[in-house]
Every structure is written in C-alpha cells, then in structure tokens.
Amino acid sequence: MTAGANGDLRVELPGGRLVGVCQAGDPAGRPVFALHGTPGSRTLNPVWSASARRAGVRLIGYDRPGYGLTPARPDRRVADAAADVAAVADALGLERFAVWGHSGGGPHALAVAALLPERVVAAAALASLAPYDAAGLDWLAGMGGDNLAEFGAALAGREALEAYLREAAPGFLAGEPAELAAAIRSLLSPVDAAVLNGEYALGLIQTIRTGLVARTDGWRDDDLAFVSPWGFDPAAIAVPLLIVHGRQDLFVPQAHGRWLAARVPAAITSFDPNGGHLTVAASAIHKVHEWLLARPGW
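Predicted model, so just to flag it, every value in this text is computed and none were measured. Position numbers for residues count from 1 along each chain, tracking the sequence in the order it is written. Residues qualify for local features only when their pLDDT is at least 70, as the model is predicted, and side-chain atom pairs are given and counted only at 80 or more; totals for whole chains, interfaces and linings, by contrast, use all residues. The side-chain numbers reported here are obtained from all heavy atoms of the structure, hydrogens and water having been left aside.

A. Representation of the overall build of the chain in the model. The helix count covers DSSP runs of H or I at least four residues long, the strand count covers runs of E at least two residues long, and both are numbered beginning at the N terminus. Secondary structure summary: the chain contains twelve helices and nine strands in total. It is over C-alpha atoms that the radius of gyration is taken, and the globule rule equals 2.2 Å times the number of residues to the power 0.38. Computed over the C-alpha atoms, the radius of gyration of the chain is 17 Å, within 12% of the 19 Å expected from 2.2 N^0.38 for a compact globule of 298 residues. Taken along its principal axes, the extent of the C-alpha atoms in the chain is 45 × 40 × 35 Å. The burial tally for the chain puts 57% of its 298 residues in the buried class. Residue pairs in contact within the chain that sit at least 24 positions apart in sequence constitute 78% of those at least 6 positions apart. All accessible-area figures derive from a Shrake-Rupley calculation using a 1.4 Å probe, and residue coverage is judged against the displayed protein chains alone. Carbon and sulfur atoms make up 53% of the accessible area of the chain, which amounts to about 11300 Å² in all. Charge separation in the chain, taken as the distance between the mean sites of 24 positive and 29 negative side-chain charges, equals 5 Å. Residue exposure (1.4 Å probe, protein chains only): buried if accessible area is under 20% of the type maximum, exposed if over 50%, otherwise partly exposed. Should any heavy atoms of two residues lie within 4.5 Å, those residues are considered in contact. The sign given to each residue is positive for Lys and Arg and negative for Asp and Glu; His and the chain ends receive no count. Note that the charge is assigned to NZ on lysines, CZ on arginines, CG on aspartates and CD on glutamates.

B. The packing of aromatic side chains, seen in detail. Only rings of Phe, Tyr and Trp enter the pairing, Trp through its six-membered ring, and a pair is recorded when the two centres are within 6.5 Å. The plane angle decides the type: under 30 degrees is stacked, over 60 is edge-to-face, the rest tilted. In the structure shown here, the tally under the stated rule is six aromatic pairs. Residues Y132 and W139 carry aromatic rings whose centres are separated by 5.1 Å and whose planes lie at 75 degrees to one another, so their mutual orientation is edge-to-face. Owing to a relative accessible area of 32%, Y132 belongs among the partly exposed residues under this scheme. Taken together, the aromatic side chains of Y132, W139 and F151 make up a single cluster linked through ring pairs. Remark: a charge is flagged as sitting over a ring if the NZ atom of Lys or the CZ atom of Arg is within 6 Å of the ring centre and within 35 degrees of the ring normal. One cation-aromatic arrangement involves R258 over F271; the distance from NZ or CZ to the ring centre is 4.2 Å.

C. Expanded view of the nonpolar core. Among the buried residues, those of types Ala, Val, Leu, Ile, Met, Phe, Trp, Tyr and Cys that are joined through side-chain atoms within 4.5 Å form a nonpolar core. Counting 102 residues, the largest nonpolar core has F33, W48, L59, W100, L196, V288 and L292 as the members making the most contacts within it. The residues touching L292, leaving out its near neighbours within four places in the chain, are V32, A98, V99, W100, A122, A123, A124 and W298.

D. Fine view of helix α4 (residues 145–156). A helix's residues, less one, multiplied by 1.5 Å, set its expected span. Compared with the 16 Å implied by 1.5 Å per residue over twelve residues, the 16 Å span of α4 between its first and last C-alpha is a close match. Considered for burial, the residues of α4 that qualify are N147, E150, F151, A153 and A154. Along α4, the residues classed as buried sweep out an arc of 150 degrees about the axis, all on the same side. Those residues of α4 that are buried lie in contact with α5 (158–172) and α9 (217–226). In this description, one arc is meant: the one made by directions from the helix axis to the C-beta atoms.

E. View of the side chain of N147. Looking at where N147 falls in the secondary structure, it is placed in helix α4. The class for N147 is buried, based on a relative accessible area of 10%. Ignoring sequence-local partners within four residues, the contact set of N147 consists of G152, L187 and F251.

Set out below in structure tokens:
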C-alpha cells in the first residue's frame, strides 16, 4: 500500500493489481465504502465528506477497474466489485464495514451486500439500476435521451460503445457546472438541474475528471457490465438494505428501485416523489449515513 502526495492510496490486490483508494470523514469512525457513479472515481464529494465527519463515518472510495489509478479489467462483471472491496478492506485492516453506492455504484453496492454477508453490516443503493434481464421491467423506459443513446450503444457492442463515449467524454470533462449541465441536459429533471451548482456540482465534476483522466475504459466496462448478467441475484441479499430513489429521476427511472425493492426481502425503501437522481446524493446522504450506523452488528 503506497500513499500519494494528496492523501490518495494505491492498494495492491491479490495478483498484483493496484487500486486507487481515497478516504475522508472521521478517521476513527465506522468504515463505510462509497461506490462511485458512472463515470466517476475514488474522489469523495465534499458534501459526502462533511456528512461523514458529522456522523462519525470513515468514508472510503475506490476506483473501479479502468477508472483513475486502477488499471482496466476487461470483461469484468458487476459481481467482481465484491472481491475488490474485500481486498481493499483487508489492506486497510477492516473486518466489518457498510457500503453504499449511487447510480452506477448502486449495482456494485448490491453485489458487495449479496456476496459478502459475513462482512457487510448494512448497505444502501441510491438511484440504482436494476439488472438488465429483470423480469417484468421495461429497463429503458423513462430514461432521458442521453442514457437511451448510451445504453443503446452498449447493447450494440464494445466498438459502438467506445465510439459513443469518445464523442460524449469532452462534455463530461467540462470544468464548470453549466458546461456539465449542457452535456447531460436530457437527463436533468428540474429538481436535478437545481442541485447542479455549488459545492456538490464542483465535487461531481472533480470525481468525473479524476476517473476519466485520459481514458474511458472504466465507463465502457461499467456500461457493458450493466447490460450483461451481473453474476449474482439481488434477491439473495440478506443484510439490511436501504433503497433510495426519486420519482423525478431521468437517469435511472424509479421503476428500477421499485423492482429491486419488490425482490429483496431485507429492503427498507425511501421513495421520494419530489426527488431526482442527483438530489439523493446531494441532500439525502446524511440520512443514509445515520441509517447505516444505526444497524446492529458493528
């Protein structure tokens, strides 16, 4: 395990793979993994870090393969996140921990909860996708035009997706909230457009820029994993699970959250009729931290 000048860590996993890790909040607090969206990175939003300090949470982010400091791992599955989180936890000396994931991090948080029940105290999925093969769910229905195009490219295969991402990436690498908003205009409901400013928006831009750097490998492999078999059944989750989803979500429509809630017996739900996709990460995170800390088993 090596430390960078800005406090980031590089953790060596079994087999010699290196993973980029970032920590924030209370160093002596309960360990909680925060799994980033798509695209994203280990970098933790200042809004989340401030909540972690107040709640007594040691917040841990890491770069999924292909993002930031972590080399790509082609053909990875959503389920593979569980082994990576376990290895990072081992390197940090953590036996028990909680996990939450937002957006593209949601399926990966579900994988950790399903596959590491002996180590996960509790989990939360915020605005998470459901599996592409989810029975009874029209998976693309209700998504904004940009996500329809992106997932359409993913379903067309690796080359089509890579071509799409080359065109889309410059908009995601924008330096100002207004530029990012313009790049994802079709996905922004009014409530999400309203929070795409200030500290939260600057933190979102930073995590995206850190993750993409000079490549879109992680973004590509996330999307391909989402529309392929995940490698686990969400219904197998037995640890306490909180599902948070806004009705005004055009990135991942609330039907995904409701599908997950109907199939995970342990799930507690928080469906906000006035919430969006970004709002659950910008304004609901402190309640998520408090809920995780209140679960037994620490």
